[in-house]
Amino acid sequence: MAAPAPKPLRIGVLYEQTQMSDLTGLDILGNISSKTVEMISEIIPAIIPLKPFAIPMEFLYIASSVEPTWTSPEMFVRPTHTYATAPRDLDIILLGGPNPATVPEESLVFLREAALQTKIVMTTCTGGMWLARAGVLDGKKATTNRILLETSKQMFPKVEWLDQRWVTEEGLFEGAQIWTAGGAGCGIGMVMEYAIGNFNQKMVELACLGLDFDIKGRTQFYKEPLPTIA
């Protein structure tokens with residue numbers, strides 16, 4: 001009797017006037033998905049031996065409504081779920097960076113509930129401030145776009161804000177994790193770090209090679225101090 005097909009990894013992506021580049025790390029996960037690996041193996045037969053390591057994935061795009069919502073620069077996407085209809089027990093949630101002061105209350109309710117059931121929550125840029133506004137980061141270390149660190153400290157003093165490219169913390173239940181990253185480039189490094197630690201290394205390396213992402217050059221720490229903005 002054939003073994004049952006594995007359940008797809010369910011990845012929730014929040015769209016609320018976010019910056020498109022903040023979500024670029026999704027392509028790393030997408031490149032190790034069963035659908036993409038199947039397609040690429042038809043073009044590059046040498047990848048066929050890696051097909052057993054591909055991960056079935058389902059991407060859920062979540063916003064205030066299922067009407068097209070924009071992500072900068074002026075690109076519209078059609079969400080699959082609203083905050084009310086999206087499941088809370090996802091495998092991964094990724095937040096890009098909106099204006100954290102104007103995100104809708106229903107998004108905060110969703111994040112509070114989902115953080116109690118979703119194993120991995122990731123943020124990029126002001127997505128960290130969005131998560132902080134939901135109260136999920138209270139008492140935890142986190143980061144955001146480094147040019148907004150001082151603003152974050154003033155707005156969310158219950159969070160220990162660090163000047164790092166990404167920060168990993170324990171989540172709200174046993175085995176859960178919260179990953180927060182700085183700007184869009186930091187988010188790419190964060191997803192690479194997560195992927196290399198949780199999926200087949202060769203598969204992840206090939207996924208990053210196809211995207212021309214420097215997986216060996218990733219670092220959790222900035223190489224230069226924050227420049228003065230004047």
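Residues numbered from 1 in each chain as written. Predicted model: local features only at pLDDT ≥ 70, side-chain atom pairs only at ≥ 80, totals over all residues. Heavy atoms only, no water.

An unreviewed UniProt entry annotates the protein as Class I glutamine amidotransferase-like protein of Lentithecium fluviatile CBS 122367.

With that settled, consider the UniProt feature "domain: DJ-1/PfpI" (unreviewed entry) in the protein. Within this numbering scheme, the UniProt entry marks residues 65-172 as carrying the feature "domain: DJ-1/PfpI" (unreviewed entry). A helix fraction of 22% and a strand fraction of 23% characterise residues 65-172, whose end C-alpha atoms lie 27 Å from each other. (UniProt positions renumbered as here; feature names shortened; annotations may be inferred. Helix = DSSP H or I, 4+ residues; strand = E, 2+ residues; numbered from the N terminus.)

Between its first and last C-alpha atoms helix α6 (residues 184-198) spans 21 Å; for 15 residues at 1.5 Å apiece the expected length is 21 Å, and the two agree. Those residues of α6 that fall on the buried side of the exposure criterion are Cys186, Gly187, Ile188, Gly189, Met190, Val191, Met192, Tyr194, Ala195 and Ile196. Those residues of α6 that are buried lie in contact with α1 (26-30), β6 (92-95), β7 (120-123), β10 (166-170), β11 (177-181) and α7 (201-211). (Expected span 1.5 Å × (residues − 1). Buried < 20%, exposed > 50% of the residue type's maximum accessible area, 1.4 Å probe, protein only. Contact = heavy atoms within 4.5 Å.)

Let's shift gears to the environment of Ser107. Among the secondary structure elements, Ser107 is positioned in helix α3 (residues 105-114). Its relative accessible area of 0% is what places Ser107 among the buried residues. C-alpha separation for the pair Ser107 and Ser64, spaced 43 residues apart in sequence, amounts to 7.5 Å. Those residues in contact with Ser107 that lie beyond four places of it in its chain are Tyr83 and Trp130. One polar contact links the side chain of Ser107 to the main-chain carbonyl oxygen of Pro104, over a distance of 2.6 Å. (Polar contact = N/O pair within 3.5 Å; in protein donor to acceptor, adjacent residues only side chain to side chain.)

We now examine the pairing of β11. Of all 5 residues in β11, 4 are buried, a share of seventy percent or more. Note that β7 and β11 share 4 bridges and pair parallel. Following the sheet pairing, Met122 is matched in β11 by Trp179. As paired elements, β10 and β11 share 5 bridges and run antiparallel to each other. The residue bridging Glu170 from the neighbouring strand is Gln177, located in β11. (Pairing = 2+ DSSP bridges.)

Below, the discussion takes up the nonpolar core. The biggest cluster of nonpolar side chains holds 38 residues, and the ones touching the most others in it are Ile11, Ile28, Met122 and Phe199. Those elements that provide at least two residues to this core are β1 (9-14), α1, β2 (57-63), β6, β7, β11, α6 and α7. Residue contributions to this core peak at 8 residues, all from α6. Not counting residues up to four positions away in its chain, the partners in contact with Phe199 are Leu9, Leu29, Ile32, Ile55, Tyr194 and Val204. (Core = buried A, V, L, I, M, F, W, Y, C linked by side-chain atoms within 4.5 Å.)

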